[in-house]
Amino acid sequence: MKKRGIFILSAAAVLAAGLLCRHMLVQEREPEFVFSYAENQTEDYPTTLGAKEFAKLVEKRSNGRIQILVQAEGALGTESDVIAQIQYGGIDFARVSLSQLAEYIPELNVLQMPYLYTNSDHMWKVLDGEIGDAFLAATDENELVGLSWYDAGARNFYNSKKPITCLEDMAGMRIRVQESEVMVDMVEALGATALPIPYADVYSALERGTVDGAENNWPSYEAMNHYEVAKYYTVDEHNRVPEMQICSKNTWNKLSEDDQKMILDCAKESALYERKLWTEREADSKEMALKQGVEVVELSAAEKKRFQEAVMGVYEKYCADYMDVIEQIIAQNNK
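On a predicted model such as this, the values are computed, not experimentally measured, just so you know.

(A) Quick peek at the overall build of the protein chain. Within the protein chain, the secondary structure is distributed over 14 helices and 11 strands. As displayed, the protein chain has an accessible area near 15,800 Å², and 52% of this comes from carbon and sulfur atoms. The positive charge centre, built from 34 side chains, and the negative charge centre, built from 55, are 9 Å apart in the protein chain.

Here's what the structure looks like:
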């Protein structure tokens, strides 16, 4: 009987110890920080998947202390609203277009000048080097922390009226643009009328005829089904505008130096992941759009040069004080 009593007592002790360990593990998993992350694209879009990879890496490397909840499809507001909220700490993290961010940080306009880069390799050589690091740091004076660069491909024109084969075809067209003065001026320099409209409203604007066309990359064009209402797509690659992962300075200051470094590392790692996804998605989106009967026009080199010459006034207006930086960017292509 004594032996049996000892056995029963030991089993109870093991059970109690197990419950205690389980309770301690649950306590350890309780996050110290739960942060918000704003993303305006769909759940399966490369930038959204990159954001989720970032959140996953942060949670893993912080042993569950830091959780980041990614909310896609514009659930936390338009990009301009998100940037304003991040500045006072209402939102913690976001992925935003440089076109929107440049409204707050004018020097970022340099990176979205039309026809600035010859190809994607040229752009990444610039952004992954000293020039890119300097632009990430430029967010500091606006209560923001620049973390890493995401790919958004090359932007092209598409419309519901006719193929755009030459500069003259732009005349009189009403083109939707982002809420960005640079984009407005670029489109109007090409002879069209620019209409700033929120991204989510572009399909209905094309469908109703409020606008004749818009401009964006292949994945956005395909993901939002714009090919249904604008079947003419002209590849002119007028912009290779990168996108930036940002953090609220208010949020950043809550973190230790070790956590800050860890989050920076995760952001840069997630950027490489997003770029890989982007390349794959771009090819798939183009193929899917072509299957839907989209008519694609590739501008000739001579015609593309005419488009470039038409927008030189945009450089003069926005980048007169940064022409030395633009020269450095152009020079990177030859290194």
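After that view, the rundown keeps rolling.
(B) Examining the side chain of R176 more closely. You can see R176 is positioned in strand β6 (residues 174-177). The charged side chain of R176 is buried without a salt bridge, its nearest counter-charge being E215 at 5.0 Å. Reaching out from R176, the side chain makes a polar contact with the backbone oxygen of I197 at a distance of 2.8 Å.

(C) Highlighting the confidence of the model for the protein chain. Here the protein chain shows a mean pLDDT of 90. Residues at 70 or above account for 91%. Between residues 1-9, whose pLDDT stays under 50, and residues either more than four places distant or in other chains, the model counts 0 contacts. In the predicted structure, residues 19-27 sits below a pLDDT of 50 and forms 0 contacts with residues beyond four places in sequence or in another chain.

(D) View of unusual backbone geometry. The backbone phi angle of E73 is positive, close to 60°, even though this residue is not glycine. Structurally, E73 is set in the loop between β2 (66-71) and α3 (79-87). Assessed through its relative accessible area of 53%, E73 is described here as exposed. Phi at E143 is positive, roughly 60°, even though this residue is not glycine.

(E) A look at the environment of T234. With respect to the helices and strands, T234 occurs in strand β9 (residues 232-239). Other than its neighbours up to four places away in sequence, T234 contacts N156, F157, I164, V297 and L299.

(F) Region of interest: a negative patch on the surface. On the surface, D81, E103, E179 and E181 cluster together to form a negatively charged patch. Tracing the backbone shows D81 in helix α3.

(G) Spotlight on the packing of aromatic side chains. This structure, assessed with the given rule, holds 11 aromatic pairs. Centroid distance Y37 to F54: 6.1 Å. Interplanar angle 55°. Geometry classified as tilted. Residue Y37 is located in strand β1 (residues 33-38), and its partner F54 is located in helix α2 (residues 46-61); the two are separated by 17 residues in the primary sequence. On the accessibility criterion, Y37 (0% relative accessible area) is buried. F54 sits in the buried class, given a relative accessible area of 0%. The interplanar angle of 75° and the centroid separation of 5.9 Å between the aromatic rings of W218 and Y221 together place this pair among those described as edge-to-face. Residue W218 and its partner Y221 are located together in helix α9 (residues 218-223), separated by 3 residues, close to a single helical turn. Across this residue pair, the class does not change: W218 and Y221 are buried.

(H) Seen up close, helix α6 (residues 130-137). Inspection of α6 places I131, G132, F135 and L136 among the buried residues, and these make up the whole buried set. End-on, the buried residues of α6 take up no more than an arc of 140°, which puts them together on one face. The inward-facing, buried residues of α6 contact α5 (120-127), β4 (144-150), β10 (243-248), α11 (257-291) and α14 (323-332).

(I) Highlighting the sheet that holds β2. Taken in spatial order, the 5 strands of this open sheet run β2-β1-β3-β10-β4, and their pairing is mixed. The sheet is open, and its two edges are formed by β2 and β4, each paired on a single side. Strand-to-strand twist in this sheet, taken as the mean axis angle between neighbours without regard to direction, amounts to 25°. Contacts from α6 reach β4 and β10, with the element oriented near 145° to β4.

(J) Focus on the pattern of salt bridges. Using the criterion set out here, one finds 21 salt bridges in the structure. Two residues, D169 and K162, come together in a salt bridge whose shortest N-O distance is 4.0 Å. When its relative accessible area of 14% is taken as the criterion, D169 is described as buried. For K162, a relative accessible area of 33% corresponds to the partly exposed category. Between K317 and D185 there is a salt bridge whose closest N-O contact spans 2.8 Å. Of this pair, K317 sits in helix α13 (residues 312-318) while D185 sits in helix α7 (residues 181-189); the two residues are 132 residues apart in sequence, bridging distant segments of the chain. Salt bridges sharing partners connect three or more residues here, namely E39, E79, R95 and E243.

(K) Quick peek at the packing of α5 against α14. Contact geometry for α5 and α14: axes closest at 9 Å, N-to-C directions at 125°. One finds that α5 runs oblique with respect to α14. The two elements α5 and α14 meet at a crossing, and its hand is right-handed. Residues H122, K125 and V126 of α5 form the contact with α14, whose own contacting residues are I329, I330 and Q332.

Cut-off values and rules
Residues numbered from 1 in each chain as written. Predicted model: local features only at pLDDT ≥ 70, side-chain atom pairs only at ≥ 80, totals over all residues. Heavy atoms only, no water. Helix = DSSP H or I, 4+ residues; strand = E, 2+ residues; numbered from the N terminus. Areas by Shrake-Rupley, 256 points an atom, 1.4 Å probe, with all protein chains shown as cover. Lys, Arg positive; Asp, Glu negative; His and termini not counted. Charge placed at Lys NZ, Arg CZ, Asp CG, Glu CD. Buried < 20%, exposed > 50% of the residue type's maximum accessible area, 1.4 Å probe, protein only. Salt bridge = Lys/Arg side-chain N within 4 Å of Asp/Glu carboxyl O. Polar contact = N/O pair within 3.5 Å; in protein donor to acceptor, adjacent residues only side chain to side chain. pLDDT = per-residue confidence, 0-100. Contact = heavy atoms within 4.5 Å. Patch = residues over 30% accessible without salt bridge, like charges linked within 9 Å, V, L, I, M, F, W, Y side chains within 5 Å. Phe/Tyr/Trp six-rings, centres within 6.5 Å; stacked < 30°, edge-to-face > 60°. Arc of directions from axis to C-beta. Pairing = 2+ DSSP bridges. Axes fitted to C-alpha atoms, helices over the stretch in contact; angles between N-to-C directions. Parallel < 35°, antiparallel > 145°, perpendicular 65-115°, else oblique. Left-handed = near helix turned anticlockwise from the far one by under 90°.

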